[in-house]
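# Structural features, examined
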Amino acid sequence: MLEQAAQLAASHAESGRPRYAGPVGSHLRHLIEHWEALVFAPQPGWVDYDARPRDAALETDPALAQERLMALRTQLECWDDAQLSTPVQVRGLCGAEGEFAFEVTSSLGRELAFVASHAVHHFAWLRLHGLQAGVADGPGFGKAPATLAFERQQTAASLGANGSTGRAGRGQRALRQRESAESISGVELEGTAQPGQR
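The following paragraphs examine the structure supplied in this document. (Residues numbered from 1 in each chain as written. Predicted model: local features only at pLDDT ≥ 70, side-chain atom pairs only at ≥ 80, totals over all residues. Heavy atoms only, no water.)

## So, the overall build of the chain
Assigned secondary structure in the chain consists of six helices and three strands. Counting from the amino terminus, the chain carries its helices and strands in the arrangement α-α-β-α-α-β-β-α-α. Taking the contacts inside the chain whose residues are at least 6 apart along the sequence as the reference set, 61% of them involve residues at least 24 apart. When the accessible area of the chain is evaluated, it comes to approximately 12,300 Å², of which 55% is carbon and sulfur surface. (Helix = DSSP H or I, 4+ residues; strand = E, 2+ residues; numbered from the N terminus. Contact = heavy atoms within 4.5 Å. Areas by Shrake-Rupley, 256 points an atom, 1.4 Å probe, with all protein chains shown as cover.)

Set out below in structure tokens:
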């Protein structure tokens, strides 16, 4: 996910691409700050996605976005399985206007899964935005990992079925050709074949 976000930021910095500032920058800023709230939580043991700084510079500067994404990737590469099981308290605001505060118990691993799924949701919107702008961001961009796995299974099953049908078809054709040859040979050899020869 981080790599996809970094590639998106880098590609929109290229000439000829739609400008980064706007929907792309806004969505990436939102995603980066969610990741940072988890990975660089200011208070150990607590995660508060609603306390993100909403850094406007992230919305206009693709190089800054790439830099922050690289820092996240470097930090996450240090996490191991044991660390993913670390319990955390997640707090935030809910209600139609943020009028209710909440706290729930979770783990670093569970929250990492959340921010990844959250990113897919935003990538799906950005994929649509890119297509409208005439830009393709890759076949898997904006699709959930489970969706990609399902599509691979469907493709493999389809290829397997076609392969089996193809083999069966080739076998049936070969059988018909052999029977035809034997029939022709029988006619040609009729009267000369010895008993038990065929």
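Once you've had a look at it, read on.
## Side note on the side chain of His118
Of note, His118 is situated in helix α5 (residues 108-132). With near-sequence residues (within four places) excluded, His118 lies in contact with His30, Leu31 and His34.

## Regarding the packing of helix α2 (residues 23-39) against helix α3 (residues 62-76)
Packing of α2 against α3 brings their axes to within 11 Å, and their N-to-C directions diverge by 30°. Pair α2 / α3 crosses with left-handed handedness. Of the residues in α3, those in contact with Ile32, Trp35, Glu36 and Val39 of α2 are Ala65, Arg68, Leu69, Leu72, Gln75 and Leu76. Across the contact of α2 with α3, the residue classes tally to seven nonpolar, one polar and two charged. (Axes fitted to C-alpha atoms, helices over the stretch in contact; angles between N-to-C directions. Left-handed = near helix turned anticlockwise from the far one by under 90°. Nonpolar A, V, L, I, M, F, W, Y, C, P; charged D, E, K, R; others polar.)

## Considering the pairing of strand β3 (residues 100-107)
As paired strands, strand β2 (residues 87-94) and β3 are joined by eight bridges and run antiparallel to one another. Among the inter-strand pairings, Gly92 is bridged to a residue of β3, identified as Phe102. Counted between consecutive antiparallel strands, the loop separating β2 from β3 contains five residues, among which Gly95 sits at a positive phi close to 95°. (Pairing = 2+ DSSP bridges.)

## Thoughts on the packing of aromatic side chains
Counted by the stated rule, this structure contains two aromatic pairs. A centroid spacing of 5.2 Å and a plane angle of 55° characterise the contact between Tyr49 and Phe114, whose relative ring orientation is tilted. Of the two residues, Tyr49 is situated in the loop between β1 (46-47) and α3 and Phe114 in helix α5; the sequence distance between them amounts to 65 residues. Here Phe123 and Phe141 contribute two aromatic rings whose centre-to-centre distance is 4.7 Å and whose plane-to-plane angle is 25°, an arrangement assigned as stacked. On the criterion of sequence distance, the pair formed by Phe123 in helix α5 and Phe141 in the loop between α5 and α6 (145-189) is long-range, its members being 18 residues apart. According to the relative accessible area criterion, Phe123 is buried, its value standing at 1%. On the basis of relative accessible area, Phe141 is assigned to the buried category, the value being 3%. (Phe/Tyr/Trp six-rings, centres within 6.5 Å; stacked < 30°, edge-to-face > 60°. Buried < 20%, exposed > 50% of the residue type's maximum accessible area, 1.4 Å probe, protein only.)

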